[in-house]
Amino acid sequence: MNNKIQTSFVDIIDKIEGWVSSFIENLPNLIVAIIVMVISFYIARFVNKWAAKLASKRIPQSSISNLIGRMCAIIVVSIGLFLALGAMDLSKTLDTLLAGAGISGLVIGLALQGTLSNLLSGVVLSFRKKIEIGNWIETNGFSGEVIDINLSSLVLKEFDNNLVVIPNKTIIENPFKNYSLTSKMRIVVECGVGYESDLEKVEKLTREAVAGLYKSDDDSEIEFYYTEFADSSINFICRFWVDAENAKNKLDAKSVAIKAVKKSFNANNINIPFPIRTLEFNNKLNVNNTQNGEFASKN
């Protein structure tokens, strides 16, 4: 019994001596690994601030610029960790970490597919010059001013002051119209005049009314076209260009043009008819006979 106890103590002491000797042998590598990790930590802090500052010059959203800085810092720390493990000759541990990171990344990617898709779409939107904060856009059935582009969604402010939150993935995958990319918009005014009207006079009055409001610098023509013989009127459209950058400017210009055309038509006795339905009775009704018949039936 005593021999077994002594043998066990000897084995324990041998293992401890082996661990101590192994630690002393690997102490330089451990010191190098610690130095590498400390240096990578401070480099990561510098890279985080530098990348976030550089990204903020191109991206107005602080959340996304900070995310880019953190991602760069994580990459630096990861590189430092791999170098430290390599300095300690832990190649098997390094291979295990890489394999575990690959499997974990696959599982996390599948579980957070929608969230990661919106996040990456938010980064892409932030770098797009064709959509920025303050632009007036129309997409997915909504129209308004872009007031925020964050990591998960884009926020629109509509005419009625309501806020619409649209996932970034939806913006990337669907077409959108940006009214702020150009400084001019084409306005289309539709109207109709009575069949008795002088069509040449109507065209002249319409052109003069619009030209008195909006004088184009590039000599763009005011277009006027008759479109159809409708039930109660001869319809036409008038198209012209105005300086506008959002949908509100477009509505204002169209409203002013409609009032000017209506005022000109009233001054020149041009009729703008409304739909009229005429009822025709082929059998004439004899009022006298009807009244006599009703009186006889009462008696």
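Our subject is the structure listed above.
The shown structure was predicted, so the numbers you read here are calculated from the model rather than taken from an experiment.

Section: helix H6 (residues 199-211)
An ideal rise of 1.5 Å per residue puts 18 Å on 13 residues; H6 measures up with 18 Å between its terminal C-alpha atoms. Listed in full, the buried residues belonging to H6 are Val 202, Leu 205, Thr 206, Ala 209 and Val 210. For H6, the buried positions fall inside an angular range of 125° around the axis, keeping them on one side. The exposed set on the far side of H6, more than 90 degrees from its buried face, consists of Glu 200 and Lys 204. Check the buried side of H6 and you find it contacts strand S6 (184-193), strand S7 (223-229), strand S8 (234-243) and helix H7 (247-267).

So, the environment of Val 32
Inspection of the secondary structure assignment puts Val 32 in helix H1 (residues 2-58). Put simply, Val 32 and Ala 87 are 55 residues apart on the chain and 6.9 Å apart in space, counted from C-alpha to C-alpha.

Overview of the side chain of Asn 178
Here Asn 178 lies in strand S5 (residues 176-178). Of the polar contacts made by the side chain of Asn 178, one reaches the side chain of Asn 135; its length is 3.2 Å.

Structural notes on the packing of aromatic side chains
Per the stated rule, a full pass over the model turns up 6 aromatic pairs. Centre to centre, the rings of Tyr 195 and Phe 229 are 6.2 Å apart; their planes meet at 20°, and the pair counts as stacked. Placement of Tyr 195 in the loop between S6 and H6 and of Phe 229 in strand S7 is noted, with a sequence separation of 34 residues between them. Exposure remark for Tyr 195: the relative accessible area of 42% places this residue in the partly exposed category. Three or more aromatic residues joined by ring pairs form one cluster here, namely Phe 224, Tyr 226, Phe 236 and Phe 265.

Here's the deal with the environment of Val 256
With respect to the element layout, Val 256 can be found in helix H7. Expressed as a C-alpha distance, the spacing of Val 256 and Val 210, which sit 46 residues apart in the sequence, is 9.1 Å. Those residues in contact with Val 256 that lie beyond four places of it in its chain are Leu 213 and Tyr 214.

Thoughts on unusual backbone geometry
Positive phi outside glycine occurs at Asn 140, with the angle close to 55°. Relative to the helices and strands, Asn 140 is located in the loop between strand S1 (136-139) and strand S2 (142-149). Residue class for Asn 140 comes out partly exposed when judged on its relative accessible area of 32%.

Some words on the sheet that holds S6
The pairing of strands in a sheet comes from backbone hydrogen bonds and takes either a parallel or an antiparallel form. Taken together, 3 strands build an open sheet; the order of strands is S6-S8-S7 and the sheet is antiparallel. The sheet terminates laterally at S6 and S7, the two strands that pair on one side only. Neighbour-to-neighbour, the strand axes of this sheet turn through a mean angle of 25°, independent of strand direction. Pairing geometry for S7 and S8, over 6 bridges, is antiparallel. Looking at the pairing, Glu 228 lines up with Asn 235 of S8. H6 contacts S6, S7 and S8 of the sheet and is inclined by roughly 140° relative to S7. Packing against the sheet, H7 makes contact with S6 and S8, and its axis sits at approximately 35° to S6.

Regarding H7
What sets the pattern is the α-helix's 3.6 residues per turn: residues three or four places apart point alike. Compared with an ideal rise of 1.5 Å per residue, which puts 21 residues at 30 Å, H7 spans 31 Å between its outermost C-alpha atoms and is within 8% of the ideal. Listing the buried residues of H7 in full gives Ala 247, Ala 253, Ala 257, Ala 260, Val 261, Ser 264 and Phe 265. Seen from one end, H7 has its buried residues packed into an arc of 155°, which puts them on one side. Seen from the buried face of H7, the exposed residues on the opposite side, beyond 90 degrees, are Leu 251, Lys 259, Lys 263 and Ala 267. The inward-facing, buried residues of H7 abut S1, S6, H6 and S8. One or two positions beyond H7, positive phi appears at Asn 269, with a value near 55°.

Thresholds applied
- Residues numbered from 1 in each chain as written.
- Predicted model: local features only at pLDDT ≥ 70, side-chain atom pairs only at ≥ 80, totals over all residues.
- Heavy atoms only, no water.
- Helix = DSSP H or I, 4+ residues; strand = E, 2+ residues; numbered from the N terminus.
- Expected span 1.5 Å × (residues − 1).
- Buried < 20%, exposed > 50% of the residue type's maximum accessible area, 1.4 Å probe, protein only.
- Arc of directions from axis to C-beta.
- Contact = heavy atoms within 4.5 Å.
- Polar contact = N/O pair within 3.5 Å; in protein donor to acceptor, adjacent residues only side chain to side chain.
- Phe/Tyr/Trp six-rings, centres within 6.5 Å; stacked < 30°, edge-to-face > 60°.
- Pairing = 2+ DSSP bridges.
- Axes fitted to C-alpha atoms, helices over the stretch in contact; angles between N-to-C directions.

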